[in-house]
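As a plain string of letters, each chain reads:
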Amino acid sequence: SLFKKTSKTIGFLIPDITNPFFPQLVRAVEDVMYPAGYTTILFNSDENLNHEIEYIEGMTSKYIDGFIIASNTLHWEHLHLLNVPVIALDRHIDSRISSVVIDNYTGAVEALEFMFSRGCKNIAHLEGPNYIYTAQERKKAYLNVMKEKNLPVLLQQGNYELEQAMIKTMHLLSEHPNIDGLFAGNDVMAIGALKAAHKLGIQVPKQLSIMGFDGIEWGETVTPELTTMQQPIYEMGRKAAELLLARIHEQDLEVEHHILPVNIKKRNSVK
Ligand code: RIB
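The residue numbers shown here count from 1 along each chain, following its written sequence. Only residues with pLDDT of at least 70 get local features here, since the model is predicted, and only at 80 or more are side-chain atom pairs given and counted; chain-wide, interface and lining totals rely on the full set of residues. To obtain the side-chain values, all non-hydrogen atoms of the structure were used and water was disregarded.

1. Points about the site of the ligand
In this text, near means that some heavy atom of the residue lies within 4 Å of the molecule or strand in question. All residues in the neighbourhood of the ligand are listed as Asn19, Phe21, Phe22, Asp90, Arg91, Thr134, Arg138, Tyr160, Asn186, Asp214 and Gln231. Polar contacts, as used here, are pairs of N or O atoms within 3.5 Å; protein pairs need one atom able to donate a hydrogen and one able to accept it. Residues neighboring in sequence count only if both atoms are side-chain atoms. Separating an oxygen atom of the ligand from a side-chain N or O atom of Arg138 is a distance of 2.7 Å. One of the side-chain nitrogen or oxygen atoms of Asn186 is found 2.8 Å away from an oxygen atom of the ligand. Summarising the interface, the protein chains cover 99% of the accessible area of the ligand, which totals 280 Å² for the free molecule. What counts as a helix is a DSSP run of H or I of at least four residues, what counts as a strand is a run of E of at least two, and both are numbered from the N terminus. Among the elements of the structure, helix H1 (21-33) and helix H5 (133-148) are those that each provide at least two residues to the shell around the ligand. Residues belonging to the shell around the ligand are distributed by class as follows: 3 nonpolar, 4 polar and 4 charged. What sets the accessible areas is the Shrake-Rupley method with a 1.4 Å probe; for residues, cover comes only from the shown protein chains. Note that Gly is not counted as nonpolar here; it falls among the polar residues with everything else outside the nonpolar set of Ala, Val, Leu, Ile, Met, Phe, Trp, Tyr, Cys and Pro and the charged set of Asp, Glu, Lys and Arg.

The structure is reproduced here in structure tokens:
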């Protein structure tokens, strides 16, 4: 028909509701959507592709007018069936889908350069899940920086979660007592690493510098306060919501890709 029914509802898919990075994004998205008269429905996938596909399949244009997606396990093939505008947030999905992301590679290089400038010599990397784009980029940066400096690589696999990061860091530090810097793939893992250092009686930052990535609010509540690569979390959510609204109002707008800047938040966990 000539009249497109609208639901005045959008969907927002996040991969991990327990990680404060994502609620901060949700807050920003709602701050744009609510005044525009839209309800935001939240979907949490626990980084599980099957859940994501089920959610997507259930959400036709009958129920929602648009979708914001923070996931990169979904592909174009899953999403174009939705038949509503989609914005990829935090994790780039496909060049045909508008996105709001940061430059994870450069952010990680800068984080590492900062650690070296503060005197770290043996830096290990606690990586995020290897199937997630943001984690892959940060790891690639670590590998290249170490290679350029001709330094040994020390990797520990993590999964972007606190508890596991703590356990993994305890192993890492017990096996490699000469590590004087740990670059964590995100803040939640950096906080897990702080806890590990504390349990082992290792002083941060005197004996070990710990650098995070994200800039979630929790970073200020731990001791020592977390030094981190700050993503413009609120700004990212807002931008994604604005792009989506514009595309709901005018369906054939061009695809846009936005890369927002990151900044080092200098606190006390790096010497
Ligand atoms: O902490 C969650 C992580 O997943 C963030 O670093 C974010 O960029 C994402 O991809």
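2. Brief notes about the domain arrangement of the protein
Domain start and stop positions are those given by an automatic or database domain assignment. Structurally, the protein comprises domain 1 (9-102 + 232-261) and domain 2 (104-230). Taken over C-alpha atoms, the centre of domain 1 sits 29 Å from the centre of domain 2. Taken together, the 15 residues of domain 1 in the interface contact 16 residues of domain 2. Definition used for salt bridges: Asp or Glu carboxyl oxygen within 4 Å of a side-chain nitrogen of Lys or Arg. Where domain 1 touches domain 2, the interface holds 0 salt bridges. Here domain 1 and domain 2 share 3 residue pairs in polar contact (both at pLDDT 80 or more) between them. Its residues placed into classes, the side of domain 1 that touches domain 2 shows 5 nonpolar, 6 polar and 4 charged. The contact criterion used is simple: two residues touch if any of their non-hydrogen atoms lie within 4.5 Å.

3. Quick notes on the packing of aromatic side chains
In this scheme Phe, Tyr and Trp rings, the latter by its six-membered ring, pair at centre separations within 6.5 Å, and the angle between planes marks the pair as stacked below 30 degrees, edge-to-face above 60, and tilted otherwise. On inspection of all chains with the given rule, the structure shows 4 aromatic pairs. Centre to centre, the rings of Phe21 and Phe22 are 5.0 Å apart; their planes meet at 85°, and the pair counts as edge-to-face. For Phe21, a relative accessible area of 2% puts it in the buried group. Charge over a ring is defined by NZ of Lys or CZ of Arg lying within 6 Å of the ring centre and within 35 degrees of the ring normal. The ring of Phe213 carries the charged tip of Arg138 above its face, separated from the ring centre by 4.0 Å. When the ring centre of Phe116 is taken as origin, the NZ or CZ atom of Lys149, which lies over that ring, is 4.8 Å away. Exposure is judged per residue with a 1.4 Å probe applied to protein chains only, and the accessible area is read against the type maximum: over 50% gives exposed, under 20% gives buried, and values in between give partly exposed.

4. Thoughts on the sheet that holds strand S7 (residues 155-157)
Strand pairing is assigned whenever DSSP identifies at least 2 bridges connecting the two strands. Strands sit in the order S7-S6-S8-S9-S10-S12 across an open sheet of 6 strands; the sheet is mixed. Each edge of the sheet is formed by a strand with only one pairing partner; in this case those strands are S7 and strand S12 (263-265). In this sheet, adjacent strand axes meet at a mean angle of 20° when their direction is disregarded. The strands touched by H5 are strand S6 (123-127), S7, strand S8 (181-184) and strand S9 (209-214); relative to S6, the strand with the most contacts, the crossing angle is about 165°. Fitted lines through C-alpha atoms give the axes, limited to the stretch in contact for helices. The angle between two N-to-C directions lies from 0 to 180 degrees. Packed on one face of the sheet, helix H7 (residues 187-200) meets S6, S8, S9 and strand S10 (227-230) and runs near 155° to S9.

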